[in-house]
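An overview of the molecular structure
For reference, the chains in residue letters:
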Amino acid sequence: MIAGGQSLTALMNLRLARPDHLIDVTGVSDLHRIADDAQGVRIGAMVTQAEALADVAIGAELPLLWAAMRQIGHTHIRNRGTVGGSIVHADPAAELPVAALALDAEMVVVSAAGRRTIQAADFFDGPFMTSLAPNELLVGLNFKDMGSRRDEDHYVEWGFEELSRRRGDFATAVVATIVWRDIDDQVTDARVVLGGVAGKAVRSSAAEQALIGTSGSDAHPAAAAASRADISPKTDVHATADYRSDMAEVLTLRSLRSANPVAPHPEFTDASHPELVTVAAGTGSTIVNNETRSIEGIDHRRLLADWLREDLRLTGTHLGCEHGVCGACTVLLDGRPVRSCLMFAAQVEGREITTIEALGTPQKLHPLQEAFRSHHGLQCGFCTPGMVLTARDLLSRIPNPTEQQIREELSGNICRCTGYTKIVESVLAAADEGQR
Ligand SMILES: Cc1cc2nc3c(=O)[nH]c(=O)nc-3n(C[C@H](O)[C@H](O)[C@H](O)COP(=O)(O)OP(=O)(O)OC[C@H]3O[C@@H](n4cnc5c(N)ncnc54)[C@H](O)[C@@H]3O)c2cc1C
Ligand code: FES
Ligand code: FES
């Protein structure tokens, strides 16, 4: 199965995965819905992370899940990466397995033999391993509303804390906590879940037991220290095992102290994310820079980036890392930035692609290109098409962004020679010009 391809295509590009056949399930509309009813929130496996972030039910009823989703990669990755794909990929440092375990999610799975549900606690087996059988497809995840155990006698507090070396990187350590208290402030139940510090996301029963029956926050340091008992971190190029253990304790303490109420996530209101996209397949063509292009008979293994560069000669789309990290290959898919190195050309049927060639001409630059030129936002220009297209998407959604918003959106695009100050200044200047 291929979902968003944000992990699988990268593995294929690196020749670490060599499937004989791929089945793209992203166009199956039944897998692409979010339902909110008395049972809770049901999320189709093919809902993208960006779509989930735009959903009111997730923002309001599952703020912990929303906070976890917000930490995944960059805008480009979340525009394609799916909720189900991240869960099945089961990266030990990924955010969604941690959130799913903390929220007692239920995985809905189908095969030719029928349908079954698997509790999150029984789903993750180890690094990149789950209890899914090879012939099973994850079709959705069921979550109970976080407030469902809240009444006039009980209330709920939650936290989500992550340490990563750069914005968008996988977590060095990540922690989710939920604490249920009664009217006397006594903890009646708790969840402490950690990621990046074992072969899979783990619940710390030692930390949970240290909290249950206590009042106030005096037990927080002891509970945070107790979380060390349930983890088994490894030393790797990113961090030593000792450092990860220390961070697990620090983040657990911070997460417990943050004690957020179940309410719409404060950042949710920025309304900067897209609606669910309907995939119009069966046309045999795609629109590239306003021109219809046939994809009939295309080699199925042809990456979108290679098709654009080598077949359509749109060489403004650059290739750097070919596994989704650098952003040089950024194009707009239905107006939203994506990595063209992590998609196959065959997957863009019925969609609309915009490359840098559609923006301006040498005689009349696009205002963003002009701002990059006049504010010295480029030197070699290798990263520039990706930067400009990412900035164009940002300004179309948020015409007057703050410097922090620009830095965050551009965090998925790496520049090797200009440095980021001039690039950020260029985008601010283009925004100012647009406002005028
Ligand atoms: C630069 C970069 C940064 C990233 N940063 C993060 C990060 O900080 N945190 C994080 O969590 N992730 C991160 N990711 C990974 C990202 O979240 C992926 O989207 C996710 O891991 C996989 O989701 P996908 O939809 O792309 O799945 P795919 O890559 O398409 O599939 C992943 C695996 O799951 C299987 N699969 C997918 N869907 C199903 C299904 N419904 N049923 C059965 N099997 C299925 C596929 O066969 C494949 O083996 C990053 C990726 C990149 C490229
Ligand atoms: S992200 Fe696609 S080439 Fe680097
Ligand atoms: S301008 Fe050279 S890599 Fe960014």
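Residues numbered from 1 in each chain as written. Chains lettered and ligands numbered in written order. Predicted model: local features only at pLDDT ≥ 70, side-chain atom pairs only at ≥ 80, totals over all residues.

Re the overall build of the protein chain
- The secondary structure content of the protein chain amounts to 16 helices and 17 strands.
- Relative to its length of 436 residues, the protein chain is compact, with a C-alpha radius of gyration of 22 Å against a globular reference of 22 Å.
- By its C-alpha atoms, the protein chain is 70 × 55 × 40 Å across when sized along the principal axes.
- Per-residue burial over the protein chain gives 47% buried out of 436 residues.
- Sequence separation of 24 or more characterises 65% of the internal contacts of the protein chain that already satisfy a separation of 6 or more. (Helix = DSSP H or I, 4+ residues; strand = E, 2+ residues; numbered from the N terminus. Rg over C-alpha atoms; globule rule 2.2 N^0.38 Å. Buried ≥ 20, exposed ≤ 12 C-beta atoms within 10 Å, placed from the backbone. Contact = placed C-beta atoms within 7 Å.)

Comments concerning the pairing of strand E15 (residues 330-333)
- Burial of the side chains of E15 extends over both faces: Thr330 and Leu332 are buried on one face and Val331 and Leu333 on the other.
- Linking E15 to strand E16 (residues 336-339), which pair antiparallel, is a turn of 2 residues; within it Asp334 sits at a positive phi near 50°.
- Across 2 bridges, E15 lies against strand E17 (residues 352-354) in antiparallel orientation. Looking at the pairing, Leu332 lines up with Thr354 of E17. (Pairing = 2+ DSSP bridges.)

Here we look at helix H14 (residues 384-397)
- Taking 1.5 Å of rise per residue, 14 residues should cover 20 Å, and H14 covers 20 Å from first to last C-alpha, within 8% of that figure.
- The buried fraction of H14 amounts to 11 of the 14 residues, a majority that puts the element mostly inside the structure.
- Of all the positions in H14, only Thr384, Pro385, Gly386, Met387, Val388, Leu389, Thr390, Ala391, Arg392, Asp393 and Leu394 are classed as buried.
- Contacts made by the buried residues of H14 are with E15, E16, helix H13 (367-374), helix H15 (403-409) and helix H16 (420-435). (Expected span 1.5 Å × (residues − 1).)

Describing the site of ligand 1
- Among the 30 residues in the neighbourhood of ligand 1, the closest are listed as Gly4, Gly81, Gly85, Ala94 and Gly324.
- Looking at the shell around ligand 1, the elements with two or more residues in it are helix H1 (8-13), helix H6 (83-89), helix H7 (95-102) and strand E7 (137-143).
- With 5 residues, the top contributor of residues to the shell around ligand 1 is H6.
- Of the residues contributing to the shell around ligand 1, the split by class is 15 nonpolar, 13 polar and 2 charged. (Near = placed C-beta within 6 Å. Nonpolar A, V, L, I, M, F, W, Y, C, P; charged D, E, K, R; others polar.)

A few points about the pairing of strand E13 (residues 285-288)
- Taking every second residue as pointing to the same face, the buried face of E13 carries Thr286 and Val288, while none of Ser285 and Ile287 on the other face is buried.
- Looking at chain direction, E13 and strand E14 (residues 291-294) are connected through 4 bridges and run antiparallel. Paired with Ser285 across the bridge in E14 is Ser294.
- Taking the residues between adjacent antiparallel strands as the criterion, E13 and E14 are bridged by 2 residues, where Asn289 takes a positive phi near 50°.
- In terms of strand pairing, E13 meets E17 through 2 bridges, oriented parallel. Looking at E17, one finds that Ile287 is bridged to Glu352.

Comments concerning the packing of H13 against H16
- Their axes nearest at 8 Å, the elements H13 and H16 cross at an angle of 130°. If you check the angle between H13 and H16, you find them oblique. Between H13 and H16 lies a crossing of right-handed hand. For the pair H13 and H16, the contacting residues are Pro367, Leu368, Ala371 and Phe372 in the first and Ser426, Ala429, Ala430, Glu433 and Gly434 in the second.
- Each residue belonging to the contact of H13 with H16 can be placed in one class, and the counts come to 6 nonpolar, 2 polar and 1 charged. (Axes fitted to C-alpha atoms, helices over the stretch in contact; angles between N-to-C directions. Parallel < 35°, antiparallel > 145°, perpendicular 65-115°, else oblique. Left-handed = near helix turned anticlockwise from the far one by under 90°.)

A few points about the environment of Val156
- By secondary structure assignment, the location of Val156 is in strand E8 (residues 154-163).
- When the C-alpha positions of Val156 and Pro261 are compared, they lie 6.4 Å apart, and in sequence the two are 105 residues distant.

Concerning the domain arrangement of the protein chain
- Entries for the protein chain in the domain assignment read domain 1 (8-145), domain 2 (149-261), domain 3 (285-358) and domain 4 (367-435).
- Taking only C-alpha atoms, the centre of domain 1 and the centre of domain 4 are 32 Å apart. (Domains from an automatic or database assignment.)

A look at the packing of helix H4 (residues 63-70) against H7
- The N-to-C vectors of H4 and H7 enclose an angle of 170°; their axes lie 9 Å apart at closest approach. Between H4 and H7, the interaxial angle falls into the category roughly antiparallel. Side by side, H4 and H7 meet where Leu64, Leu65 and Ala68 of the first sit next to Glu95, Leu96, Val98, Ala99 and Ala102 of the second.
- The residue inventory of the contact of H4 with H7, partitioned by class, reads 7 nonpolar, no polar and 1 charged.

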